[in-house]
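Residue strings, one per chain:
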Amino acid sequence: MARIRCDFFSETLGMSTSMTVLLPERAATQIGMTGSGATADPPVLYLLHGLTDDDTIWTRRTAIERYVAPLGLAVVMPQVQRSFYTDEAHGNRYWTFLSEELPVVCRSFFRLSDRPADTFVAGLSMGGYGALKWALRQPGRFAAAASLSGVLDVARRRDHPTRPLDPAVWHTVWGDRAVAGTDDDTVALLERAGDDLPALYVGCGTEDFLYADNVRFVETARRRNVPLTVDFSPGDHDWAYWDAKIQDVLAWLPLRDR
């Protein structure tokens, strides 16, 4: 794999930002590593970080580079600060950056497929929320979307009795705006989703403080007969869980010619 830390200027954000990108590379003679290059433009996974992290975190806390090397899969990991992948009320337009600018910029810099059948999104915690929000709002862009320990009932996080979202983060992201029922509410998006959704995956540890949020999302999907792959198994909100489960997500992705 080629690993690139890409610093670039975002017109949407009006400032420089960063992303970490993994690109397939044939490496038949590299000791301990088997690489798979692509003859055509490779499929791409947008892999999203959580609230306290940045675009480097997946490569620092997991072996994601080793996991994707034999798959011929490119991985794009953008940096969005603490934005919840949202056009912030008192900040910047990170939803517009993610959903409109980033894919165009990536394809201008790197050789990547633009086919929906070759495009996937996944993330953890805040990134799990961002991944499913993106897939539910723009379902025609993806073949599959996965959330690990996602904040999937964000509307209830503001006034949660034991683990509310940091009021400063909430104020920056949403201000006084109502979230319930809007396009930033993943449960509401699921309630009104059509039949054209990509494959969806929800994983969460049963000891995770976000477990109940994930259960409610899954119950909504089942009530609406939305197909969903669910993995509720022992685990907490930590990298031991995410390092193990991202391997399950990669095995689940509907990659062609695998």
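If you're wondering where the values come from, they're calculated on a predicted model, not measured in any experiment.

Brief notes about the sheet that holds strand S7 (residues 199–205)
So, point 1. Strand order across the open sheet formed by eight strands is S1-S2-S4-S3-S5-S6-S7-S8, with mixed pairing between neighbours. Both outer strands of the open sheet, strand S1 (2–10) and strand S8 (229–233), are each paired with one neighbouring strand and no more. Averaged over all neighbouring strand pairs, the angle between strand axes comes to 15°, with direction disregarded.
So, point 2. Pairing between S1 and strand S2 (residues 15–23): nine bridges, direction antiparallel. Along S2, the bridge assignment pairs Phe9 with Ser16.
So, point 3. On the sheet, helix H7 (residues 211–223) packs against S7 and S8 and is oriented at approximately 150° with respect to S7.

Re unusual backbone geometry
So, point 1. The phi dihedral of Ser149 is positive, around 55°, even though this residue is not glycine.
So, point 2. Judged by its relative accessible area of 0%, Ser149 is buried.
So, point 3. Positive phi is not limited to glycine here, since Asn225 has a value of about 60°.
So, point 4. As for its placement among the helices and strands, Asn225 is situated in the loop between H7 and S8.

A few points about the pairing of S7
So, point 1. Burial runs high along S7: six of the seven residues are buried.
So, point 2. By the bridge criterion, five bridges tie S7 to S8 in an arrangement that is parallel. Among the inter-strand pairings, Cys204 is bridged to a residue of S8, identified as Phe232.
So, point 3. The handedness of the S7 to S8 crossover, carried by H7, is right-handed.

Some thoughts on the nonpolar core
So, point 1. In terms of nonpolar packing, the biggest core is built from 52 residues, with Met19, Val76, Phe84 and Trp174 touching the most fellow members.
So, point 2. For Val76, the contacting residues outside a window of four places in its chain are Met19, Thr20, Val21, Val44, Leu45, Tyr46, Leu47, Leu102, Cys106 and Leu112.
So, point 3. Ranked by size, the runner-up nonpolar core spans 31 residues in total, among them Leu45, Tyr67, Leu124 and Val249.

Observations concerning the packing of helix H3 (residues 94–109) against helix H4 (residues 126–137)
So, point 1. Between H3 and H4, the shortest axis-to-axis distance is 11 Å and the interhelical angle comes to 65°. As summarised for this structure, H3 and H4 are arranged roughly perpendicular, according to the angle between their axes. Note that H3 runs across H4; the crossing there is right-handed. Judged by residue contacts, Trp95, Leu98, Ser99 and Pro103 of H3 engage Lys133, Trp134 and Arg137 from H4.
So, point 2. When its residues are assigned to classes, the contact of H3 with H4 shows four nonpolar, one polar and two charged.

Let's talk about H4
So, point 1. An ideal rise of 1.5 Å per residue puts 16 Å on twelve residues; H4 measures up with 16 Å between its terminal C-alpha atoms.
So, point 2. Along H4, eleven of the twelve residues are buried, which leaves the element largely enclosed by surrounding structure.

Observations concerning the pattern of salt bridges
So, point 1. A full pass over the atoms with the stated rule returns 14 salt bridges.
So, point 2. Salt-bridge contacts for Arg5 lead to Asp55; the nearest nitrogen and oxygen are separated by 2.8 Å. With a gap of 50 residues between them, Arg5 in strand S1 and Asp55 in the loop between strand S3 (44–48) and helix H1 (57–61) connect regions that are remote in the sequence.
So, point 3. When its relative accessible area of 44% is taken as the criterion, Arg5 is described as partly exposed.
So, point 4. Owing to a relative accessible area of 0%, Asp55 belongs among the buried residues under this scheme.
So, point 5. Asp248 serves as the salt-bridge partner of Lys245, at 3.6 Å between the closest nitrogen and oxygen. You can see Lys245 and its partner Asp248 sitting in helix H8 (residues 239–252), three residues apart, about one turn around the helix.
So, point 6. Judged by relative accessible area, Asp248 falls into the partly exposed class, the value being 35%.

Topic: the packing of aromatic side chains
So, point 1. Taken as a whole, this structure holds 13 aromatic pairs when the rule is applied.
So, point 2. Taking the centre distance of 6.1 Å and the plane angle of 80° together, the rings of Phe8 and Phe109 count as edge-to-face. Taken together, the residues span a long stretch of sequence, with Phe8 in strand S1 and Phe109 in helix H3 at a distance of 101 residues.
So, point 3. On the basis of an interplanar angle of 85° and a centroid distance of 5.0 Å, the ring pair of Trp239 and Trp242 is categorised as edge-to-face. Highlighted residues: Trp239 and Trp242, both in helix H8, separated by three residues, approximately one helical turn.
So, point 4. On the basis of relative accessible area, Trp239 is assigned to the buried category, the value being 17%.
So, point 5. With a relative accessible area of 5%, Trp242 lands in the buried category.
So, point 6. Through a chain of ring-to-ring contacts, three or more aromatic side chains come together here, namely Phe8, Tyr94, Phe97, Phe109 and Phe110.
So, point 7. Positioned over the ring face of Trp95 is Arg137, at 4.1 Å from the centre of the ring.

What counts, and at which threshold
- Residues numbered from 1 in each chain as written.
- Predicted model: local features only at pLDDT ≥ 70, side-chain atom pairs only at ≥ 80, totals over all residues.
- Heavy atoms only, no water.
- Pairing = 2+ DSSP bridges.
- Helix = DSSP H or I, 4+ residues; strand = E, 2+ residues; numbered from the N terminus.
- Axes fitted to C-alpha atoms, helices over the stretch in contact; angles between N-to-C directions.
- Contact = heavy atoms within 4.5 Å.
- Buried < 20%, exposed > 50% of the residue type's maximum accessible area, 1.4 Å probe, protein only.
- Right-handed = clockwise from strand over helix to strand, strands pointing away.
- Core = buried A, V, L, I, M, F, W, Y, C linked by side-chain atoms within 4.5 Å.
- Parallel < 35°, antiparallel > 145°, perpendicular 65-115°, else oblique.
- Left-handed = near helix turned anticlockwise from the far one by under 90°.
- Nonpolar A, V, L, I, M, F, W, Y, C, P; charged D, E, K, R; others polar.
- Expected span 1.5 Å × (residues − 1).
- Salt bridge = Lys/Arg side-chain N within 4 Å of Asp/Glu carboxyl O.
- Phe/Tyr/Trp six-rings, centres within 6.5 Å; stacked < 30°, edge-to-face > 60°.
- Lys NZ or Arg CZ within 6 Å of the ring centre and 35° of its normal.

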